[in-house]
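Secondary and tertiary structure notes
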Amino acid sequence: MDCTLNENPWGDLEEKIQREKPDVVGISVICTAFVYDGMNAAHLIKSANPKTIIIMGGEHPSFMAEETLRDCPAIDYICVGEGEVTLTEFLRAIEKKEDLSRVLGLAYLNEKKEFVYTGERPFIKDLDTLPIPAYHLARMEHPYVTLPSEGKRGLVLNFSRGCLWDCIFCSESAFYKKTWRRRSPKLIADELQLLKEKYNRDIFYVGDNTFNVTREQGIGFIEEMLKRKTHQHFWLQSRADLIIRDEDLLDGFREAGVYQFMMGLEYHSDTVLKDIKKHHTVEQAIQAMKFLKKHKLMVMATLLIGHWNETEKDRNDFFKFFGKYVDHFGLNLITPLPGTPLFYQMKELGRIKDWDYRNYDYLHAVMSAKEVDDLEQLNLIYRDIMRRYYWRPKEMLKIFSSNPILRHHHRYYITKVAFNIMTHEIFGTPIWVQPNYQEYKDYLVERGEALPKELMVLAK
Ligand code: B12
Ligand code: SF4
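What this report covers is the structure whose coordinates are included nearby.

1. Notes on the overall build of the protein
Each helix and strand in the protein was counted, giving 18 helices and 13 strands. Here the C-alpha atoms of the protein give a radius of gyration of 23 Å, agreeing with the 23 Å that 2.2 N^0.38 yields for 460 residues. In the protein, the share of contacts with a sequence separation of at least 24, taken over all contacts with a separation of at least 6, comes to 70%. Approximately 22200 Å² of the protein is accessible, and the part contributed by carbon and sulfur atoms is 55%.

The structure is reproduced here in structure tokens:
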């Protein structure tokens, strides 16, 4: 059940639990910022049916298992790490009433409320052993199951896990311990073909952190897609150094349907790139952007501001630098996601000023910088860069671009993102929330109840 799609998310969840009285409910927390929603869901489920066993999974609860269990007593177990095998063994053990302490990858509090971790669950060796996701169980026809910036025939997909690099802010690298595994190009193409034929999807943001870790993966993908002739379009993610390495494959990628590469270029200074362990230089970033342009591929950069030593001049240079090269960007504020090396470093240095995990979404400042101590000031700086970037005449003109994807993308960003930021600053309206999003406390207030004390306990 994806509650974010429901008009009445909490009420529908409660009603379903009361009706079905499930033995076990699994809750997925894909972002740190959603962990309180996950805890609230656990609380609601336990209140609706106290016998239901609750297991939670995802990166954040895996890294912060003990804290999550102690903050939310409604959660019985946490799956630490990959879920497929652990969950299967967990359910079998429950069914047969076997000892759960023998299931690797579980964390829980025992009867004495001591924290127990059953040990590391090895990664699945071959991702090809996993089936195609059960799309027939998802609400594929729902208007939110799309890719808003690219249109209603869009979808987000994932074909690999992990990354071989170790940028200090990256929870993916920490979760997968600097390893990388991928599905083979043939199975990727099978899935894409199914999505085209059964669900009319032909434009995809492929969420793989780094699509072309090996050249073989890129070559295999190009060959399969050219053979299948499904005429689908892809936005892939990669690194500047790998784009340079694979320059000879860029035409092939384009012919196979790739229209854009997104790269985590982060910043325009080698000192910062070194500090965050990006393992490539600004010169390589420029070269990669030039290669993409040369081969008629769009450049999307994800960028990070809010570094400790950052000055106003740095931010202006940053703006000019990236404004010159990229077609569009995703701007982020550097965030110490729990579990990452950055988190432990910043905690040690006492630079984390906001411990409310709802703000750990890369869009809110949670750490101060040397020259800007006030987080709200950093948030203003962030919004100012976004607004300045999208309101430039050069960007405005892109809404009339002959490239339909760029046109759609810019119309979306200018009407939704830049406009929302402007009205937020003038009228204080929220920048963006999922249309049906409701805070749990508001749901309880509606019913005349208050939020129980044990919930919303902020991390220490
Ligand atoms: C798809 C995706 C999206 C989609 C979400 C679509 C959807 N509703 O599912 C979109 C594009 C909308 C999106 C948006 C955002 N995302 Co996103 N997204 C991803 C992405 C690319 C793939 C997620 C995924 O499916 N992974 C594959 C599965 C297999 O992995 P998994 O979720 O970790 O699950 C495994 C285990 O954790 C475990 N598990 C998970 N849940 C459960 C539950 C149980 C019961 C069990 C037993 C096990 C278990 O088992 C699973 C299988 O092994 C990841 C990056 C990545 N490559 O993973 C980022 C990622 C999850 N996103 C991230 C972020 C920050 C965001 C945004 C906040 C960014 C922003 N500033 O806007 C927004 C949130 C917007 C919103 N309000 O939803 C971060 C989260 C970092 C963190 N620790 O908080 C990630 C990791 C990217 C990154 N490297 O920074 N995202
Ligand atoms: S290259 Fe990207 S996915 Fe890999 S560690 Fe760095 S930020 Fe994470």
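2. Here we look at the packing of aromatic side chains
Applying the stated criterion across every chain, the model contains 22 aromatic pairs. Considering the side-chain rings of Tyr 205 and Trp 235, the 4.3 Å spacing of their centres and the 25° angle between planes classify their relative orientation as stacked. A residue pair is termed long-range when its members are at least 10 positions apart, and Tyr 205 in strand 9 (residues 203-206) and Trp 235 in strand 10 (residues 233-238) qualify at 30 residues. Both residues of the pair, Tyr 205 and Trp 235, count as buried. The cationic tip of Arg 388 hangs over the ring face of Phe 319; the distance from NZ or CZ to the ring centre is 4.4 Å.

3. What about the sheet that holds strand 2 (residues 53-57)?
Taken in spatial order, the five strands line up as 1-2-3-4-5 in an open sheet, and their pairing is mixed. Here the strands that pair on one side only, and so sit at the sheet edges, are strand 1 (24-28) and strand 5 (115-117). Within this sheet the neighbouring strands show an average axis-to-axis angle of 20°, counted without direction. Across three bridges, strand 4 (residues 106-109) lies against strand 5 in antiparallel orientation.

4. Describing the site of ligand 2
Taken together, the residues surrounding ligand 2 are Cys 163, Trp 165, Asp 166, Cys 167, Phe 169, Cys 170, Ser 173, Asn 209, Arg 239 and Lys 278. Within the shell around ligand 2, the residues separate by chemical class into five nonpolar, two polar and three charged.

5. A few points about the packing of helix 7 (residues 185-199) against helix 8 (residues 215-228)
One way to put it is that helix 7 packs onto helix 8 with a least axis distance of 9 Å and a crossing angle of 40°. By the angle between their directions, the pair helix 7 and helix 8 is classed as oblique. For the pair helix 7 and helix 8, the crossing hand works out as right-handed. Here helix 7 contributes Pro 185, Lys 186, Ile 188, Ala 189, Asp 190, Leu 192 and Gln 193 to the contact with helix 8, which in turn contributes Gln 217, Gly 220, Phe 221, Glu 224, Met 225 and Arg 228. In terms of residue class, the contact of helix 7 with helix 8 is made up of six nonpolar, three polar and four charged.

6. Side note on the sheet that holds strand 11 (residues 258-266)
Here we have six strands laid out as an open sheet, ordered 6-9-10-11-12-13, and parallel in their pairing. Every interior strand has two partners, whereas the edge strands, strand 6 (154-157) and strand 13 (328-333), have only one. Averaged over all pairs of adjacent strands, the angle between their axes in this sheet comes to 20°, without regard to strand direction. Of the strand pairs in this sheet, strand 10 and strand 11 are connected by five bridges, and their pairing is parallel. Bridging across to strand 11, Ser 238 finds its partner in Met 263.

7. What about the pattern of salt bridges?
Where side chains of opposite charge bring their charged atoms close, a pairing between them can arise. Under the counting rule described, the total for this entry stands at 35 salt bridges. For the salt bridge of Glu 247 with Lys 294, the shortest nitrogen-to-oxygen distance reads 3.0 Å. Of this pair, Glu 247 sits in the loop between helix 9 (240-245) and helix 10 (250-255) while Lys 294 sits in helix 12 (residues 282-294), and the two are 47 residues apart along the sequence. Taking relative accessible area as the criterion, Lys 294 reaches 54% and is therefore assigned exposed. Note that Arg 358 is salt-bridged to Asp 356, the shortest N-O span being 3.0 Å. Exposure remark for Asp 356: the relative accessible area of 16% places this residue in the buried category.

8. Re helix 2 (residues 35-48)
Since the α-helix advances by 3.6 residues per turn, residues separated by three or four positions end up pointing in the same direction. Between its terminal C-alpha atoms helix 2 stretches 20 Å, which fits the 20 Å expected from 14 residues at 1.5 Å a residue. In terms of burial, helix 2 is largely enclosed, as 12 of its 14 residues are buried. Inspection of helix 2 places Val 35, Tyr 36, Gly 38, Met 39, Asn 40, Ala 41, Ala 42, His 43, Leu 44, Ile 45, Lys 46 and Ala 48 among the buried residues, and these make up the whole buried set. Check the buried side of helix 2 and you find it contacts helix 1 (9-20), strand 1, strand 2, helix 3 (59-63), helix 4 (65-71) and helix 18 (440-446).

The rules we used
- Here the residue numbering is sequential within each chain, running from 1 through the sequence in written order.
- Ligands are numbered from 1 and chains lettered from A, in the order in which they are written.
- Where totals are concerned, whole chains, interfaces and linings use all residues; where local detail is concerned, this predicted model gives features only for residues with pLDDT of at least 70, and gives and counts side-chain atom pairs only at 80 or more.
- To get the side-chain values, take all heavy atoms of the structure and skip hydrogens and water.
- Numbering of helices and strands starts at the N terminus; helices are DSSP runs of H or I of at least 4 residues and strands are runs of E of at least 2.
- Two things to know: the radius of gyration comes from C-alpha atoms, and the globule rule equals 2.2 Å times the number of residues to the power 0.38.
- Between two residues, a contact is recorded if the distance between any of their heavy atoms is within 4.5 Å.
- Accessibility throughout is a Shrake-Rupley quantity obtained with a 1.4 Å probe, and a residue counts as covered only by protein chains that appear here.
- Side-chain rings of Phe, Tyr and Trp, where Trp is taken by its six-membered ring, are said to pair if the distance between their centres is within 6.5 Å; with planes under 30 degrees apart they count as stacked, over 60 as edge-to-face, and otherwise as tilted.
- Type-normalised accessible area, obtained with a 1.4 Å probe on protein chains alone, sets the label of each residue: buried when under 20%, exposed when over 50%, and partly exposed for intermediate values.
- Whether a charge lies above a ring is judged from NZ of Lys or CZ of Arg, which has to be within 6 Å of the ring centre and within 35 degrees of the ring normal.
- We treat two strands as partners when DSSP finds at least two bridges between them.
- Orientation is described by axes fitted as lines to C-alpha atoms, over the contacting stretch for helices, and by angles from 0 to 180 degrees between their N-to-C directions.
- Proximity criterion: a residue is near a molecule or strand once any of its heavy atoms comes within 4 Å of it.
- Residues were grouped as follows: Ala, Val, Leu, Ile, Met, Phe, Trp, Tyr, Cys and Pro as nonpolar; Asp, Glu, Lys and Arg as charged; and all remaining residues, including Gly, as polar.
- In what follows, roughly perpendicular refers to angles from 65 to 115 degrees, roughly parallel to angles under 35, roughly antiparallel to angles over 145, and oblique to any angle outside these ranges.
- A clockwise turn of the near helix away from the far one marks a right-handed crossing, whereas an anticlockwise turn of less than a right angle marks a left-handed crossing.
- Here a salt bridge means any side-chain nitrogen of Lys or Arg lying within 4 Å of a carboxyl oxygen belonging to Asp or Glu.
- One less than the number of residues in a helix, times 1.5 Å, gives the span that helix is expected to have.

The quantities given are spatial measurements derived from coordinates; they are silent on function.
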